[in-house]
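Chain residues, written in single-letter form:
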Amino acid sequence: MTESLASRPGAIILARHGEPAISRKVILTASEYARFWADYETRGLLSGQSPPPLLTSSAAGAGVMISSIRPRAIESALAVDATRDFAREPILIEAPLPPPPFPPWVRLSPKIWGFLSRFWWWFFNHHAGQESRVQAEARADQAAQMLIARAEAGQDVVVLAHGFFNFMIGRALKGRGWRMTASEGFRYWSTRRFELD
């Protein structure tokens, strides 16, 4: 007997938030970058942005929309569709970015600090007492299971969250048999679509 479309789970669309209202045109020490990142985590969106048509159409056709609890994710969800209710889930926050303990004479841009911090966190388990990679991977697996449970009703699920943690959720979805069927990469407002094979 052929499985009906109604019995298949919906797609899971992982979207990155829009551009936050914080300038990256600075040069920072490691400790300054740690403060920069803490500030970044509290910021909403830079004004004047509009979500791209693909994201708004995906959300319009979705049965469920969810965001992280960070202001930039909540404001992104509101920008996508201010008329609908959506859950705000702490499990979807970004993985931490503690900078490696470089001496204070090393001054770099936030973009380079972000790359180095993620590299040290991912490959060398540098977490400075924050969430470790292993802990974040377990959280991503729990988030993937939560999203799958919502998609099992047969409706698409749109997630407004964060670039790297969305990547981790994507890995967890693939580990559960879901396939990425479309990707716009990881830039602001980009989407990656997952469907169950």
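Residues numbered from 1 in each chain as written. Predicted model: local features only at pLDDT ≥ 70, side-chain atom pairs only at ≥ 80, totals over all residues. Heavy atoms only, no water.

(A) Up close: the side chain of Arg 192. Position of Arg 192 relative to the elements: it lies in strand 6 (residues 191–196). Glu 184 provides the closest opposite charge to the buried, unpaired Arg 192, separated from it by 9.6 Å. In contact with Arg 192, other than residues within four places in its own chain, are Ile 12, Ile 13, Leu 14, Asn 166, Phe 167, Gly 170, Met 180, Ala 182, Ser 183, Glu 184, Gly 185 and Phe 186. (Helix = DSSP H or I, 4+ residues; strand = E, 2+ residues; numbered from the N terminus. Buried < 20%, exposed > 50% of the residue type's maximum accessible area, 1.4 Å probe, protein only. Lys, Arg positive; Asp, Glu negative; His and termini not counted. Salt bridge = Lys/Arg side-chain N within 4 Å of Asp/Glu carboxyl O. Contact = heavy atoms within 4.5 Å.)

(B) Layout of the environment of Gly 44. With respect to the helices and strands, Gly 44 occurs in the loop between helix 1 (30–40) and helix 2 (53–60). A relative accessible area of 16% means that Gly 44 is categorised as buried. Between the alpha carbons of Gly 44 and Arg 72 there is a distance of 4.2 Å; along the sequence they are 28 residues apart. Beyond its immediate stretch of four places on either side in the chain, Gly 44 contacts Pro 20, Ala 21, Pro 71, Arg 72 and Glu 75.

(C) A look at the pattern of salt bridges. With the rule as written, the count across this model stands at twelve salt bridges. Of the charged contacts, one joins Arg 107 and Glu 32 as a salt bridge, the two residues approaching to 3.5 Å between their closest N and O atoms. With Arg 107 in the loop between strand 3 (87–89) and helix 4 (110–124) and Glu 32 in helix 1, this pair connects stretches of sequence that are 75 residues apart. Using a relative accessible area of 43% as the deciding quantity, one classes Arg 107 as partly exposed. Salt-bridge contacts for Arg 179 lead to Asp 197; the nearest nitrogen and oxygen are separated by 2.7 Å. Here Arg 179, found in strand 5 (residues 178–183), pairs with Asp 197, found in the segment after strand 6; they are 18 residues apart in sequence, far enough to count as distant. A residue is classified by how much of its surface remains accessible, and Arg 179, at 45% relative accessible area, is partly exposed. A relative accessible area of 59% means that Asp 197 is categorised as exposed. A single network of salt bridges, built from pairs that share partners, joins Glu 41, Arg 70 and Arg 72.

(D) Structural view of the confidence of the model for the protein chain. Residues of the protein chain with pLDDT of at least 70 account for 97%, and the chain-wide mean is 95. Taken as a whole, residues 1–6 scores under 50 in pLDDT and shows one contact with residues more than four places along the chain or in a different chain. (pLDDT = per-residue confidence, 0-100.)

(E) Spatial organisation of the pairing of strand 2 (residues 64–68). Burial analysis of strand 2 places five of its five residues in the buried class, the great majority of the element. Residues Val 64, Ile 66 and Ser 68 point to one face of strand 2 and Met 65 and Ser 67 to the other, with burial holding for every one of them. Here four bridges tie strand 2 to strand 4 (residues 157–161), and the two strands are oriented parallel to one another. Looking at strand 4, one finds that Val 64 is bridged to Val 157. Of the strand pairs in this sheet, strand 2 and strand 3 are connected by three bridges, and their pairing is parallel. Its bridge partner being in strand 3, Ser 68 is matched across the sheet by Glu 89. You can see the chain leave strand 2, run along helix 3 (residues 71–80) and come back into strand 3, and the turn it takes is right-handed. (Pairing = 2+ DSSP bridges. Right-handed = clockwise from strand over helix to strand, strands pointing away.)

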